[in-house]
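Residues per chain are reported as follows:
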Amino acid sequence: MTEASKAVVDEPAATAPPDPREAGTQLRAGLWQTINERYPGSMVTRDTYVPLARHAKPLAEARLVMISSCGVHLTSDRPLDVCHPFGDFGFRRVPSDAAPADLTIHQLKYPHDDADRDINVVFPIERLQEMVREGALGGLTPNFFSFIGYNMDPKRFERTVVHDIAEAVATEEHADVALLVPA
Amino acid sequence: MSVGYLKEAAAAGETEKLLRFVRLHVGDGNEAVGTRELEKSWIEAIRILLREEPVDRDLIDSVMAKDEATLALLYFHLHFYLVRRSGEWIHDGSQ
């Protein structure tokens, strides 16, 4: 167990400062301690709080991007590497007008039998397309983003996948709002 | 177990931590299952070779000339290839 994770596990609850993540609604209470107990030396630290931003415009006028850890990609793309013990530090762009028949799931770490029958279970692309047609959403970015959630190097992951997706969302896709879909 | 944790273990020569990580990885979080999975891939490799079919030595020679990082990752790919071939697939994902 690293010193960082020891600090999280061993810290007396009575004297610990309130954790802003647990004071709000971002994650269920106790999650940090659970992860650090089960995976000693793991990736969760107390300095990773990400403040939420308020909506700048109504959804009916906003352009939405979907970002998911489900590992969905176009059937024509090279699959992400599910065998690498540290995870794949790449991602795939998925056109937001793609049909389910154009997509496939490449994953090792979660069951996707149901998602193979209906991709919307982990990547609700048709639901979002419907919401645009119905006027509930202003539009979709040209591309969505997908990567493999299993990853053992969060710092490198942040420098590569997270940074590159965030930059693409801001400079290429011009999204107003992001839907993050864990899998 | 983060990569940082594993690098610390490797630097300290704590190979059991590295092996535990491999067992957890190939065993989907269960160390005992991972041990069985590692054995299963070797068993499958022997079973295939016992058929005494022709092999492409030229391909092997060219692959072995690659860099060690590529070969190390290939080792993991071959593990999953062999356990898939064994017909006993324990992982949640089906690909």
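Residues numbered from 1 in each chain as written. Chains lettered and ligands numbered in written order. Predicted model: local features only at pLDDT ≥ 70, side-chain atom pairs only at ≥ 80, totals over all residues.

For chain A, the count of helices and strands is six helices and seven strands. The N-to-C order of helical and strand elements in chain A reads α-α-α-β-β-β-β-α-α-β-β-α-β. Relative to its full complement of 183 residues, chain A shows a buried share of 30%. Put simply, 78% of the contacts in chain A that link residues at least 6 apart link residues at least 24 apart. (Helix = DSSP H or I, 4+ residues; strand = E, 2+ residues; numbered from the N terminus. Buried ≥ 20, exposed ≤ 12 C-beta atoms within 10 Å, placed from the backbone. Contact = placed C-beta atoms within 7 Å.)

With that settled, consider the overall build of chain B. Regarding its fold elements, chain B presents five helices and zero strands. In chain B, the succession of α and β elements from N to C terminus is α-α-α-α-α. Based on the C-alpha atoms only, the size of chain B along its principal axes is roughly 45 × 30 × 20 Å. Excluding contacts between residues fewer than 6 apart, the proportion of contacts in chain B whose partners are at least 24 apart in sequence is 46%.

Residues and elements named next belong to chain B. For the pair helix α1 (residues 3–11) and helix α2 (residues 15–26), interaxial distance at closest approach is 7 Å and the crossing angle is 140°. Mapping the contact onto sequence places L6, A9 and A10 in α1 and K17, L18 and F21 in α2. Among the residues forming the contact of α1 with α2, the class breakdown is five nonpolar, no polar and one charged. (Axes fitted to C-alpha atoms, helices over the stretch in contact; angles between N-to-C directions. Nonpolar A, V, L, I, M, F, W, Y, C, P; charged D, E, K, R; others polar.)

Moving on, we come to unusual backbone geometry. Non-glycine residue H174 of chain A carries a positive phi angle of around 50°. Relative to the helices and strands, H174 of chain A resides in the loop between α6 (154–173) and β7 (177–181). One non-glycine residue with positive phi stands out, namely E52 of chain B, at about 55°. Secondary-structure assignment places E52 of chain B in the loop between α3 (31–49) and α4 (57–64). The class for E52 of chain B is exposed, based on 7 C-beta atoms found within 10 Å.

This part covers the pairing of strand β1 (residues 63–68) of chain A. Residues and elements named next belong to chain A. Among the six residues that make up β1, five are buried, leaving the element largely enclosed by the rest of the structure. One ladder, built from two bridges, connects β1 with strand β5 (residues 139–140); its direction is parallel. Bridged to L64 within β5 is L140. The pairing of β1 with β7 spans five bridges and is classified as parallel. Within the sheet, the bridge partner assigned to I67 lies in β7 and is L180. (Pairing = 2+ DSSP bridges.)

What follows concerns the nonpolar core. Among the nonpolar cores identified, the biggest contains 30 residues, and L64, V72, I119 and F144 of chain A are the most heavily contacted of them. Those elements that place two or more of their residues in this core are β1, β4 (103–105), α5 (125–133), β6 (143–146) and α6 of chain A. Of the residues forming this core, the biggest block, four residues, is contributed by β1 of chain A. Setting aside residues up to four positions removed in sequence, F144 of chain A forms contacts with V65, M66, I67, V94, S96 and I125 of chain A. Residues M152 of chain A together with Y5, L6 and F21 of chain B belong to the second largest nonpolar core, which totals five residues. (Core = buried A, V, L, I, M, F, W, Y, C linked by C-beta atoms within 7 Å.)

Residues and elements named next belong to chain B. In this fold, F21 is placed in helix α2. F21 sits in the buried class, given 21 other C-beta atoms within 10 Å. Distance in space between the C-alpha atoms of F21 and L6 is 8.2 Å, their sequence separation being 15 residues. Once you skip the residues sitting within four places of it in the chain, F21 turns out to touch M1 and L6.

With that settled, consider the environment of I165 of chain A. All names here are of chain A. Structurally, I165 is set in helix α6. The spatial distance from the C-alpha of I165 to the C-alpha of I67 is 8.5 Å, given a sequence separation of 98 residues. I165 has contacts with I67, F91 and F145, leaving out every residue within four places of it along the chain.

For chain B, per-residue confidence averages 91 on the pLDDT scale, and residues scoring 70 or more make up 96% of the total. Here the predicted complex carries an ipTM of 0.88, next to a pTM of 0.79. (pLDDT = per-residue confidence, 0-100.)

A few words now on the confidence of the model for chain A. Fine structural detail should not be taken from predicted coordinates in areas where pLDDT scores are low. Scored by pLDDT, chain A comes out at a mean of 81, with 72% of its residues at no less than 70. Predicted confidence for residues 1–14 of chain A stays below pLDDT 50, and this span has 18 contacts to residues more than four positions away or in other chains.

Residues and elements named next belong to chain B. The end-to-end C-alpha distance of α2, which contains twelve residues, comes to 17 Å, matching closely the 16 Å that a straight helix rising 1.5 Å per residue would cover. Buried residues along α2 sit against α1, α3 and α5 (68–85). Residue D28 follows α2 closely and has a positive phi angle near 50°. (Expected span 1.5 Å × (residues − 1).)

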